[in-house]
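Here are the chains, one letter per residue:
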Amino acid sequence: GDDYLRKEVSSPDTPSGVDYNINILIRNLLDDNRALDVPLSLVVFDGHDMLTETIIELNNIRVFGLDTINMIDSLESAGNYTLLNHFGWDHIDVELDFNLTIKPSSKEGSLIGEGSKAEVYEEMTITAGINDIDVDFHFLLAVDKDKIGGLQLGSITNITNILPCALDTLYHVEVSGFAA
């Protein structure tokens, strides 16, 4: 539980030489720059008017600082069926990589002469960050007792079945409170 996650262990990755187990576990999921790298291809803007055709595509998201947790209290009872979680991070930084393509409008009556093939292509990165983050969130968890009672012990002893079996017993899950 939280005791294991909050346990301080020796770590060469921090200036103090010690870190929480949770940060070391998270670090195993990150790349060599200690970032969560999410490649994608998502058109966030596609505009076409009498002057230009503009496309902005989000190509990558990098999140730094996920392994700087300095506070963790999770799954504490906050009432009937509601669990409280409290997390703190030293910092979280996000980098968003975009491609911007601007070319002359291909619409009839365009303000830019026909036949122009000029195209502007730019790659850009937007960076934002925040320090000293504290997050509290409550979530409501309702479990179907009959489904839990019907679980076969053998089905949950196989590691690959644990998550599907546990998810099948959930009746309702929702975030019922959030504060940052």
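Just so we're clear, the structure is a prediction, and the values are computed from it rather than from any experiment.

A.B. asks: A description of the overall build of the protein should follow, citing residues and the corresponding values.
C.D. replies: A count of helices and strands for the protein gives 5 helices and 8 strands. Here the protein, with 180 residues, has 28% of them falling under the buried criterion. When contacts within the protein are restricted to residue pairs at least 6 apart in sequence, those whose partners lie at least 24 apart make up 63%. Taken as a whole, the protein presents about 12000 Å² of accessible surface, with 57% of it coming from carbon and sulfur.

A.B. asks: Lay out a nonpolar patch on the surface with the relevant residues and their values.
C.D. replies: A cluster of nonpolar side chains, contributed by L42, V44 and F45, occupies part of the molecular surface with about 270 Å² of accessible area. Mapping F45 onto the fold places it in strand β3 (residues 35-48). The exposure class of F45 is partly exposed, given its relative accessible area of 41%.

A.B. asks: Explain the environment of N28 to me, and be specific about the residues and the numbers.
C.D. replies: Topologically, N28 is positioned in the loop between α2 (21-27) and β3. C-alpha of N28 to C-alpha of D67: the two residues are 39 residues apart in sequence and 9.5 Å apart in space.

A.B. asks: Describe the packing of aromatic side chains, naming the residues involved and giving the relevant values.
C.D. replies: Applying the stated criterion across every chain yields a total of 2 aromatic pairs. Ring geometry for F87 and F137: centres 6.2 Å apart, planes at 20°, overall stacked. Taken together, the positions of F87 in strand β6 (residues 82-104) and F137 in strand β7 (residues 120-143) put the pair 50 residues apart, joining distant regions of the chain. Owing to a relative accessible area of 22%, F137 belongs among the partly exposed residues under this scheme.

A.B. asks: Which residues make up the confidence of the model for the protein, and what values go with them?
C.D. replies: Put simply, the protein has an average pLDDT of 82, and 75% of its residues get 70 or more. Model confidence for the protein, summarised as mean pLDDT per element, is weakest for helix α4 (residues 153-157) at 58 and strongest for strand β4 (residues 52-64) at 96.

A.B. asks: Now, about the environment of A35: what can you tell me, with residues and values included?
C.D. replies: Along the chain, A35 turns up in strand β3. Apart from the residues within four sequence positions on either side, A35 is in contact with L30, V63 and F64.

A.B. asks: Got a sec to walk through the layout of surface pockets? Specific residues and values, please.
C.D. replies: The computed volume of the second largest pocket comes to approximately 160 Å³. As for the second largest pocket, its lining consists of 15 residues, of which V18, D19, N23, I69 and D90 are closest to the centre. Those elements that place two or more of their residues in the lining of the second largest pocket are β2 (18-20), α2 and β5 (69-79). Sorting elements by how many residues they give to the lining of the second largest pocket places β2 first, with 3 residues. A breakdown of the residues in the lining of the second largest pocket according to their chemical character gives 4 nonpolar, 5 polar and 6 charged.

A.B. asks: So what about the pattern of salt bridges? Which residues, and what values?
C.D. replies: In the structure shown here, the tally under the stated rule is 5 salt bridges. Residue R27 is joined to D67 by a salt bridge in which the shortest nitrogen-to-oxygen separation is 2.7 Å. With R27 in helix α2 and D67 in the loop between β4 and β5, the pair connects residues that are 40 residues apart, well separated along the chain. Of the two residues, R27 and D67, both sit in the buried class. Across the pair D67 and R34 runs a salt bridge whose closest N-O atoms are separated by 2.7 Å. With D67 in the loop between β4 and β5 and R34 in the loop between α2 and β3, this pair connects stretches of sequence that are 33 residues apart. The class for D67 is buried, based on a relative accessible area of 3%. Judged by relative accessible area, R34 falls into the partly exposed class, the value being 27%.

Rules and cut-offs
- Counting restarts for each chain: residues are numbered from 1 in the order of the written sequence.
- Local features are withheld for residues below a pLDDT of 70 in this predicted model, meaning they are given only at 70 or higher, and side-chain atom pairs are given and counted only at 80 or more; totals for whole chains, interfaces and linings count all residues.
- Side-chain numbers come from the whole structure's heavy atoms, not from hydrogens or water.
- Per the convention used, a helix needs a DSSP run of H or I reaching at least four residues, while a strand needs a run of E reaching at least two, with both numbered from the N terminus.
- Each residue gets one of three labels from its accessible area relative to the maximum for its type: buried under 20%, exposed over 50%, partly exposed in between, using a 1.4 Å probe on protein chains only.
- Here, residues are in contact when the closest pair of their heavy atoms is within 4.5 Å.
- Working definition of accessibility: Shrake-Rupley area with a 1.4 Å probe, residue cover restricted to the visible protein chains.
- Patch membership requires more than 30% relative accessible area and the absence of a salt bridge. Residues of like charge join within 9 Å; the nonpolar side chains Val, Leu, Ile, Met, Phe, Trp and Tyr join within 5 Å.
- Take a side-chain nitrogen of Lys or Arg and a carboxyl oxygen of Asp or Glu: if they are within 4 Å of each other, that pair is a salt bridge.
- For Phe, Tyr and Trp, where Trp contributes only its six-membered ring, two rings pair if their centres lie within 6.5 Å, and the inter-plane angle classes them as stacked under 30 degrees, edge-to-face over 60, or tilted in between.
- Every residue carries a pLDDT, the predictor's confidence in it, which falls somewhere between 0 and 100.
- A 1.4 Å probe that fits into a set of points on a 1 Å grid over the protein atoms alone but cannot get out defines a cavity; an open set with protein on both sides within 12 Å along at least five of seven lines defines a pocket, and lining residues are those with an atom within 4 Å of a point.
- Grid points are joined across faces, edges and corners, and a volume is the space filled by probe spheres set on the points.
- Following the grouping adopted for this structure description, the nonpolar residues are Ala, Val, Leu, Ile, Met, Phe, Trp, Tyr, Cys and Pro, the charged ones are Asp, Glu, Lys and Arg, and the polar ones are all others, Gly among them.

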